[in-house]
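What the coordinates show
Spelled out from the first residue to the last, the chains are:
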Amino acid sequence: MNNQKTIKSALISVFSKDGLEPIVRKLNEQGVTIYSTGGTQEFINNLGINVIPVEDVTSYPSILGGRVKTLHPKVFGGILNRQNNDSDIAELAEFDIPQIDVVIVDLYPFEKTVASGASEQDIIEKIDIGGISLIRAAAKNYADVVCVASMDNYAEFLQLITEKNGALSESDRKRFATKAFNVSSHYDSAIFNYFNKNHEEAVLKISETNGQVLRYGENPHQKGFFFGDFDALFTKLHGKELSYNNLLDVDAAVNLINEFKNDAPTFAILKHNNACGLAQRTTIKQAYLDALAGDPVSAFGGVLISNTEIDKDTAEEIHNLFCEVIIAPSYAIDALEILQGKKNRIILIIHDIELPKTSVRSCLNGVLVQDRDTITDAIEHLTYVTNNKPTENELSDLIFASKICKHTKSNTIVLAKNNQLLASGTGQTSRVDALNQAIHKAQTFNFDLNGSAMASDAFFPFPDCVEIAKNAGISSVIQPGGSIKDQLSIDYCNENNVAMVLTGTRHFKH
């Protein structure tokens with residue numbers, strides 16, 4: 001599929017002029033006739049290169065404040081004609097329509113305008129009509145026309161016309177057509193999602209143009225990919241490429257630490273998407289040491305994250321642990337020098353950007369979409385249902401435990417004391433099993449459960465959990481409530497001097 005065609009004419013209408021000059025100069029050098037409009041025409045003129053205004057072709061001016069410039073049969077006839085079709089060629093001659101061999105477009109920056117917080121009027125004006133139409137027409141007719149649909153493709157196009165002296169093969173043109181339809185479909189998805197931001201239509205349109213091939217998926221025999229703008233969220237300072245599993249753990253770590261974003265120094269250690277250690281202290285070093293104490297065994301090979309800068313003293317402690325990834329908003333220079341001492345250790349700076357408001361996952365032969373769980377339990381949300389009210393320290397531990405519980409695999413129970421994760425029971429089929437697992441784990445690492453707090457991601461259908469908790473020394477409980485048998489657990493707590501509060505919000509995480 002060679003079918004080379006030499007470019008003899010080009011229509012250029014772009015928003016961004018960055019990188020355009022060398023293309024224009026090369027086309028001019030190769031004797032290509034150039035057509036253009038508005039600001040692009042002025043740009044080319046200022047280079048001292050001849051350019052034919054589109055208005056001279058259409059005999060019609062740009063109207064409606066520039067909303068209509070290229071939308072004309074003489075433009076689209078020049079793009080869409082089939083050069084092997086005698087009737088099409090005859091019509092070009094009859095209506096004095098110039099043949100157009102390449103279309104270069106860069107669309108109005110719709111997504112950037114939305115992200116900038118611009119007014120709706122400004123956003124609407126950044127919906128490109130002529131440009132998107134030119135892209136679709138040129139890409140459809142790739143058999144005869146080259147479509148360069150984005151400034152991201154300028155460099156590749158310039159290299160091709162330079163190496164091939166303007167004679168591109170059909171495979172070249174088809175490759176650019178593929179890129180063009182990627183641009184147009186992504187653009188239309190962004191516009192639809194803006195209009196459908198309140199989900200009036202039960203429609204899912206996902207378009208991610210930043211794709212990364214991973215070493216493999218969850219296991220070596222599975223292919224893996226990441227689609228998203230990783231660099232917008234992180235600056236990678238050191239280490240090997242992140243794997244599929246690394247990315248899942250990093251996602252879990254970021255969502256968890258966001259619960260403690262503006263709090264005192266907080267450090268978390270995660271393994272398989274669950275926190276195995278988390279503590280909040282007056283210094284980040286002590287927060288790390290107490291997080292590690294929560295489960296020094298599981299911490300091996302884990303993902304570490306801090307809500308504040310990592311200093312030299314903390315880095316020296318971390319350096320003794322084998323860990324896959326370290327994440328923090330910043331690092332002291334001498335801390336970074338220490339942490340970079342392990343060749344493969346991944347070191348990330350996390351940026352302060354807003355995460356998506358919805359979560360998406362594959363299910364059966366489709367996908368499930370839901371709002372993210374953005375509710376963080378707070379003291380003002382609590383209902384005090386027992387005669388014994390939690391103390392100030394117990395309240396602090398209850399909220400602390402609840403934040404961790406929200407980000408732990410269901411069924412889950414989290415035990416905490418003095419703003420330190422003592423243990424959690426994760427991913428169990430029974431809440432009793434989750435509690436027993438948490439108690440056993442805390443006792444394994446010699447934690448004193450007397451006076452500790454317990455958080456549950458869902459209600460207790462029976463009083464068995466609060467009874468087990470009381471017998472282990474746990475003195476306060478936080479749970480959503482909502483069982484028709486809530487009173488049984490409340491009665492047991494009243495009879496045994498255990499404080500219980502209800503949040504009214506369930507935090508299942510499947």
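Summarised in this report is the structure supplied together with it.

Calculation notes
- Residues numbered from 1 in each chain as written.
- Predicted model: local features only at pLDDT ≥ 70, side-chain atom pairs only at ≥ 80, totals over all residues.
- Heavy atoms only, no water.
- Helix = DSSP H or I, 4+ residues; strand = E, 2+ residues; numbered from the N terminus.
- Rg over C-alpha atoms; globule rule 2.2 N^0.38 Å.
- Buried < 20%, exposed > 50% of the residue type's maximum accessible area, 1.4 Å probe, protein only.
- Contact = heavy atoms within 4.5 Å.
- Lys, Arg positive; Asp, Glu negative; His and termini not counted.
- Charge placed at Lys NZ, Arg CZ, Asp CG, Glu CD.
- Phe/Tyr/Trp six-rings, centres within 6.5 Å; stacked < 30°, edge-to-face > 60°.
- Expected span 1.5 Å × (residues − 1).
- Arc of directions from axis to C-beta.
- Polar contact = N/O pair within 3.5 Å; in protein donor to acceptor, adjacent residues only side chain to side chain.
- Patch = residues over 30% accessible without salt bridge, like charges linked within 9 Å, V, L, I, M, F, W, Y side chains within 5 Å.
- Areas by Shrake-Rupley, 256 points an atom, 1.4 Å probe, with all protein chains shown as cover.
- Salt bridge = Lys/Arg side-chain N within 4 Å of Asp/Glu carboxyl O.
- Pairing = 2+ DSSP bridges.
- Axes fitted to C-alpha atoms, helices over the stretch in contact; angles between N-to-C directions.

**What to know about the overall build of the protein chain**
Each helix and strand in the protein chain was counted, giving 19 helices and 23 strands. Here the C-alpha radius of gyration of the protein chain, 31 Å, is well above what a compact globule of 510 residues would show, namely 24 Å. The dimensions of the protein chain, computed from C-alpha atoms along their principal axes, are 95 × 50 × 40 Å. Put simply, the protein chain has 510 residues, and 48% of those count as buried. Relative to all contacts within the protein chain whose residues are 6 or more apart in sequence, the contacts with residues 24 or more apart total 56%. Within the protein chain, the 63 negative side-chain charges are centred at a point lying 4 Å from the centre of the 46 positive side-chain charges.

**Some thoughts on the packing of aromatic side chains**
Going through the model one piece at a time under the given rule, you end up with 11 aromatic pairs. Considering the side-chain rings of Phe 267 and Tyr 288, the 5.1 Å spacing of their centres and the 70° angle between planes classify their relative orientation as edge-to-face. Taken together, the residues span a long stretch of sequence, with Phe 267 in strand S11 (residues 266-271) and Tyr 288 in helix H13 (residues 284-294) at a distance of 21 residues. Of the two residues, Phe 267 and Tyr 288, neither departs from the other in class, the shared state being buried.

**Overview of helix H17 (residues 431-444)**
End to end, H17 covers 20 Å across 14 residues, agreeing with the expected 20 Å (1.5 Å per residue, within 8%). When H17 is considered as a whole, its buried residues turn out to be Arg 431, Ala 434, Leu 435, Ala 438, Ile 439 and Ala 442. End-on view of H17: buried residues confined to an arc of 130°, all on one side of the axis. For H17, the N-terminal capping position is held by Ser 430, with its side-chain oxygen 3.1 Å away from the main-chain nitrogen of Val 432. Just downstream of H17 lies Asn 446, where phi reads positive at about 65°.

**Re a nonpolar patch on the surface**
A grouping of Leu 204, Ile 206, Val 360, Val 367 and Val 369 is seen on the molecular surface, where their side chains present a nonpolar patch of about 410 Å² in accessible area. You can see Val 360 is positioned in strand S16 (residues 358-363). The exposure class of Val 360 is partly exposed, given its relative accessible area of 40%.

**So, the sheet that holds S11**
A sheet is described by the order of its strands in space; here six strands give the open sequence S10-S15-S14-S13-S11-S12, paired in mixed fashion. Both outer strands of the open sheet, strand S10 (234-238) and strand S12 (274-280), are each paired with one neighbouring strand and no more. Averaged over all adjacent pairs, the angle separating strand axes in this sheet is 20°, with direction ignored. Sheet analysis places S10 next to strand S15 (residues 346-350), joined by four bridges and oriented antiparallel. Bridge pairing in S15 links Thr 235 to Ile 349. Most of the contacts of H13 go to S11, to which it runs at about 30°, and overall it touches S11, S12 and strand S13 (302-306).

**Brief notes about the environment of Leu 348**
Locating Leu 348 in the fold gives a position in strand S15. Using a relative accessible area of 0% as the deciding quantity, one classes Leu 348 as buried. Spatially, the C-alpha atoms of Leu 348 and Thr 283 are 20 Å apart, while their sequence positions differ by 65 residues. Each residue touching Leu 348, except ones within four places of it in the same chain, is listed here: Phe 230, Phe 234, Thr 235, Lys 236, Leu 242, Val 250, Val 325, Ile 326, Ile 327, Ala 328 and Tyr 331.

**Section: unusual backbone geometry**
Of note, the amide linkage connecting Ser 410 to Asn 411 takes the cis form, showing an omega dihedral of -15°. Structurally, the position occupied by Asn 411 is in the loop between helix H16 (392-406) and strand S19 (413-416). Phi angles above zero are rare outside glycine, and His 199 is one such case at about 60°. Among the secondary structure elements, His 199 is positioned in the loop between helix H10 (170-195) and strand S8 (211-213).

**A few points about the pairing of S16**
Inspection of the sheet shows S16 paired to strand S17 (residues 366-371) by six bridges, in the antiparallel sense. Looking at the pairing, Cys 363 lines up with Gly 366 of S17. Linking two consecutive strands that pair antiparallel, namely S16 and S17, is a turn of two residues; a positive phi of about 50° is found at Leu 364 within it.

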